[in-house]
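What follows is each chain in one-letter form.
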Amino acid sequence: MPQIIKDGVVVDDTWVRLSNEQIDQDGIPEGGDIIVPLSVWQAQKDALLKRDGAVGVCLAPGEEPAAIAADLDQLPLVAVDFPAFKDGRGYSYARELRTRFGYKGELRAVGDVLRDQLFYMHRVGFNAFAVRADRDIHDALNGLKDFSVTYQGDANDPRPIYRR
Amino acid sequence: MYVYRPHDQQLLNERVAQFRDQTRRYLDGQLSNDEFLPLRLQNGLYIQRYAPMLRVSVPYGMLSSTQLRALAKVARQWDKGYCHVSTRQNIQYNWPALEDVPDILAALANVEMHAIQTSGNCIRNVTTDEFAGINGKEIEDPRPWCEIIRQWATFNPEFAYLPRKFKIAVNAVPDEDPALIGVHDIGVQVLQRDGETGFRVLAGGGLGRTPMTGEVIGEFVPWPHLLAYLEAILRVYNKYGNRDNKYKARIKILVKALGAEKFRALTEAEFAELKDGPMTLTAEEVDAMRSHFSAPAYDAIDDQPAALQEALASDKAFNRWYHTNVSRHRQAGYAAVTLTLKKTGRAPGDITDEELEAVADLADQFSFGEARTTHQQNMVLGDVRQDQLFTLWQRLDALGFATPNLKLLTDLVACPGGDFCSLANAKSLPIAEDIQRHFEDMDYLHDLGPIDVNISGCMNACGHHHIGHIGILGVDKKGREYYQITLGGRGDKVSRIGEKLGPSFDTEQVVPIIARLIDLYVEQRQPGEQFIDTYERLGIEPFKERAYATDH
């Protein structure tokens, strides 16, 4: 079973992330925990919720959290996709999910997720990381510990250094 | 100046360790070129034509003598004995080896210096007026606000992978723009209203491929909300800035595309949520920052002491230098002195290790141990007693830093250009040198008065050519170097983008064409008019006619 980093430790991943193409080809599996693209969630919300198994939504760059703000209570997991790690929109999406919309569920970074971005990702609110499959996930874990000092408030502690 | 607290030092040490490990993993092949690229850029490291270029941050241009000596040591030990003052007040090394960079950063960290976010698509060094804190015209010292912004921007987790680079400048002088805030991604103008500090916030200015001046987004942002307002703008930009085309990715393109009104509405919506939240600045924090920039222990002395007046009367060369390179100071009896780093035959802004140490010694002896870098690639000793100006001038003269050409035609600004930079389309340094050689007669230069000449080797505009009274841009046409001239740009009282004169010129035509433009000015000027005044009165047409006249 694939592994992810969740809450600071490496664990087995019980979720399956489905692309639009996979769903078009094979349909939605009847059981198991699945992560679907936003468009699939929006089109088939009721059917997805009636399935046997949990459902999470994946936001791609350009798909803002406001699109699922009303659904967050029903979503135990939200994934934010980084097709390329240099595209930083997902950092603002994570921050909005945690701070603006008060999302408390699993917030997972997926896609081009690498060790050297994990510290920032964790600070904006991600608590789970699907590290790119060709990389050593245990090595990536070190990225969460790059710094002990921060100046700004963040999703985990909103207080900037001058209010701590 | 800002003195590090233990956590600031801790952060820097951790950064050095992080970058050392990243470099090791890159050299081991664990990080690909593409993956290492933004990591090294966010540490100021470019791969240039011959070697990496390391850009060291000089926050808002302030340097202690200790830091100057450390910069000298880096130049000597890891470079070729010199470095370069950039147009954003930073220091650049052109010849470090990649393997040595972690050690260089460790040496810099010992003196509270770093290369954090001096490049890459992140928030860059915050800049301000080189006379900040000593300019009698400013509303208040902008540096505490610069430092507050610097800390907010440093390793800000949300804004490390922006669509493009992001530059913020702060100005506290009314009705002038010494920090060029009009051509920054965000320009912050310090204001006071009913005794309370606030900020006019501009967004969407910038040079580069599509130069434009910024739009006012926030008319008056009260001081406690400065960071919340900046964060709101950055979030709008991070979400909506163009990421498909790097030439359309700066915030100026977004502001232009949306229009200032729509951009403002988006910003205000974000701001409404952040306002009065945990980011709100506290009076204690602002006071603590201000205390870092309190005035040094000035002596109670008068302006224009006898020693100065005698020297001015008896030494013509000193007198000339005094009138170009010495600036007024808010404190009676003191003056600010600009050291022009514009020796003919040397790249503008270059300074050697020994010169850096000499400046450090002079700073200790004459200016409370501090010096400043300027966006015009010079250095400043900011707090010099007027009765010591003559002694200082003699010392500077011996070092070659007393050329009385500040703001004159030969005090030109140029990027490293095609001699060093792999982005450049054309060389800029030989053009600079040709101009300096042609206009070397000091009497003539002084007669011409202030003329800003700015040279960039490519569209990226590191030489700020758009805001030169005379701007020169290197372009490549079928493998040959040509130069396009713009006129009427300004980066003095206002920020203004220059107008293209016409078709570009061959390398050897540049100096004769500039000489023609200058001749026209001399013929047409009215009493008291500077080059830029005459240009603005006449418009570009007569200059165009003169430049392209075939019978001349």
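What you see is a predicted model, and the numbers here were worked out from it, not measured in a lab.

Rules and cut-offs
Residues numbered from 1 in each chain as written. Chains lettered and ligands numbered in written order. Predicted model: local features only at pLDDT ≥ 70, side-chain atom pairs only at ≥ 80, totals over all residues. Helix = DSSP H or I, 4+ residues; strand = E, 2+ residues; numbered from the N terminus. Rg over C-alpha atoms; globule rule 2.2 N^0.38 Å. Buried ≥ 20, exposed ≤ 12 C-beta atoms within 10 Å, placed from the backbone. Pairing = 2+ DSSP bridges. Contact = placed C-beta atoms within 7 Å. Axes fitted to C-alpha atoms, helices over the stretch in contact; angles between N-to-C directions. Arc of directions from axis to C-beta. Nonpolar A, V, L, I, M, F, W, Y, C, P; charged D, E, K, R; others polar. Domains from an automatic or database assignment. Core = buried A, V, L, I, M, F, W, Y, C linked by C-beta atoms within 7 Å. Parallel < 35°, antiparallel > 145°, perpendicular 65-115°, else oblique. Left-handed = near helix turned anticlockwise from the far one by under 90°. Right-handed = clockwise from strand over helix to strand, strands pointing away.

Moving on to the overall build of chain A. Secondary structure summary: chain A contains five helices and eight strands in total. Going from the N terminus to the C terminus, chain A shows its helices and strands as β-β-β-α-β-α-β-β-α-β-α-β-α. Relative to its length of 164 residues, chain A is compact, with a C-alpha radius of gyration of 16 Å against a globular reference of 15 Å. Dimensions of chain A, computed from C-alpha atoms along their principal axes, come out at roughly 50 × 35 × 25 Å. The buried share of chain A, taken over its 164 residues, is 40%.

In this section: the sheet that holds strand β6 (residues 127-128) of chain B. All names here are of chain B. Read across the sheet, five strands follow the order β6-β7-β8-β9-β10 without closing on themselves; strand pairing throughout is mixed. Two strands in the sheet have a free side with no partner beyond their single neighbour: β6 and β10 (215-222). Of the strand pairs in this sheet, strand β8 (residues 186-193) and strand β9 (residues 196-203) are connected by eight bridges, and their pairing is antiparallel. By the bridge assignment for β9, Gln 189 is matched with Arg 200. Its contacts with the sheet place helix α6 (residues 226-240) against β8, β9 and β10, and it is angled at close to 150° to β10.

Here Arg76(B) shows up in helix α3 (residues 65-78). Considered as a pair, Arg76(B) and Thr352(B) are 276 residues apart in the sequence and their alpha carbons are 8.6 Å apart.

Within helix α4 (residues 115-124) of chain A, nine of the 10 residues are buried, which leaves it mostly tucked inside the rest of the structure. Within α4(A), burial applies to Arg115(A), Asp116(A), Gln117(A), Leu118(A), Tyr120(A), Met121(A), His122(A), Arg123(A) and Val124(A). Packing partners of the buried residues in α4(A) comprise α3 (89-100), β7 (106-111), β8 (128-129) and α5 (137-140) of chain A together with α1 (6-27) and α2 (33-41) of chain B. The first or second residue beyond α4(A) is Gly125(A), which carries a positive phi of 125°.

What follows concerns helix α13 (residues 389-399) of chain B. All names here are of chain B. When α13 is considered as a whole, its buried residues turn out to be Leu 389, Leu 392, Trp 393 and Leu 396. Taken around the axis of α13, the buried residues stretch over an arc of 100°, which confines them to a single face. Elements in contact with the buried residues of α13: α10 (306-314), α11 (316-325), β11 (326-327), β12 (334-339), α12 (353-366) and β15 (379-385). Gly 400, located one to two residues past α13, shows a positive phi value of around 85°.

For the rest of this paragraph, the subject is the interface of chain B and chain A. Counting residues at the interface gives 28 residues for chain B and 27 residues for chain A. Listed by contribution, the elements that provide at least two residues to the side of chain B that touches chain A are α1, α2, α5 (143-153) and α6 of chain B. The greatest single-element share of the side of chain B that touches chain A, amounting to six residues, is contributed by α1(B). Partitioning the side of chain B that touches chain A into residue classes produces 11 nonpolar, nine polar and eight charged.

Here we take up the sheet that holds strand β4 (residues 82-85) of chain B. Across a sheet, strands are paired by hydrogen bonds formed along the backbone, either parallel or antiparallel in direction. Residue and element names in this part refer to chain B. Within the open sheet, the five strands sit side by side as β1-β2-β5-β4-β13. Their pairing is antiparallel. Each end of this open sheet is capped by a strand with a single partner; those strands are β1 (45-47) and β13 (350-352). Here the average twist between neighbouring strands, direction ignored, is 30°. Pairing between β1 and strand β2 (residues 52-56): three bridges, direction antiparallel. Its bridge partner lying in β2, Leu 45 is registered against Leu 54.

Before going further, it helps to spend a moment on the domain arrangement of chain B. Under the domain assignment, chain B is made up of domain 1 (6-109), domain 2 (134-290), domain 3 (306-399) and domain 4 (413-548). Computed over C-alpha atoms only, the centres of domain 1 of chain B and domain 2 of chain B are separated by 27 Å.

Before going further, it helps to examine the nonpolar core. Judged by nonpolar contacts, the single largest core of 200 residues is most densely connected at Phe129(A), Ile233(B) and Val359(B). Element by element, the count of residues in this core is highest for α6(B), at 10 residues. Discounting residues that sit within four places of it in the chain, Phe129(A) has contacts with Ile4(A), Ile5(A), Ala109(A), Val113(A), Leu118(A) and Met121(A).

As a further point, take the packing of α3(B) against α12(B). Residues and elements named next belong to chain B. At a minimum axis distance of 8 Å, the contact between α3 and α12 shows a crossing angle of 170°. Regarding the angle of α3 to α12, the classification is roughly antiparallel. Judged by residue contacts, Ser 65, Leu 68, Arg 69, Leu 71, Ala 72, Ala 75 and Arg 76 of α3 engage Asp 353, Leu 356, Glu 357, Val 359, Ala 360, Ala 363 and Asp 364 from α12. Looking at the contact of α3 with α12 residue by residue, the class counts come to eight nonpolar, one polar and five charged.

What follows concerns the packing of α5(B) against helix α9 (residues 283-292) of chain B. Residue and element names in this part refer to chain B. Relative to each other, α5 and α9 sit at 115°, their axes nearing to 8 Å. Considering only the axes of α5 and α9, their crossing is right-handed. Residues Pro 144, Glu 147 and Ile 148 of α5 touch α9, and the partners they reach there are Val 286, Met 289, Arg 290 and His 292. Residue composition of the contact of α5 with α9, by class: four nonpolar, one polar and two charged.

A few words now on unusual backbone geometry. Residue and element names in this part refer to chain B. Although it is not a glycine, Asp 194 adopts a positive phi angle of roughly 50°. Along the polypeptide, Asp 194 turns up in the loop between β8 and β9. Of the residues examined, Asp 194 has 5 C-beta atoms within 10 Å and is grouped as exposed.

What follows is about the pairing of β7(A). All names here are of chain A. In terms of burial, β7 is a largely internal element, five of the six residues being buried. Pairing of strand β6 (residues 77-82) with β7, which is carried by six bridges, proceeds in the parallel orientation. The residue bridging Val 80 from the neighbouring strand is Ala 109, located in β7. Note on the crossover from β6 through α3 to β7: the handedness is right-handed. Both β7 and β8 contribute to a ladder of two bridges, which runs parallel. Opposite Arg 108, over in β8, you have Ala 128 as the bridge partner. Handedness of the β-α-β unit built from β7, α4 and β8 comes out right-handed.

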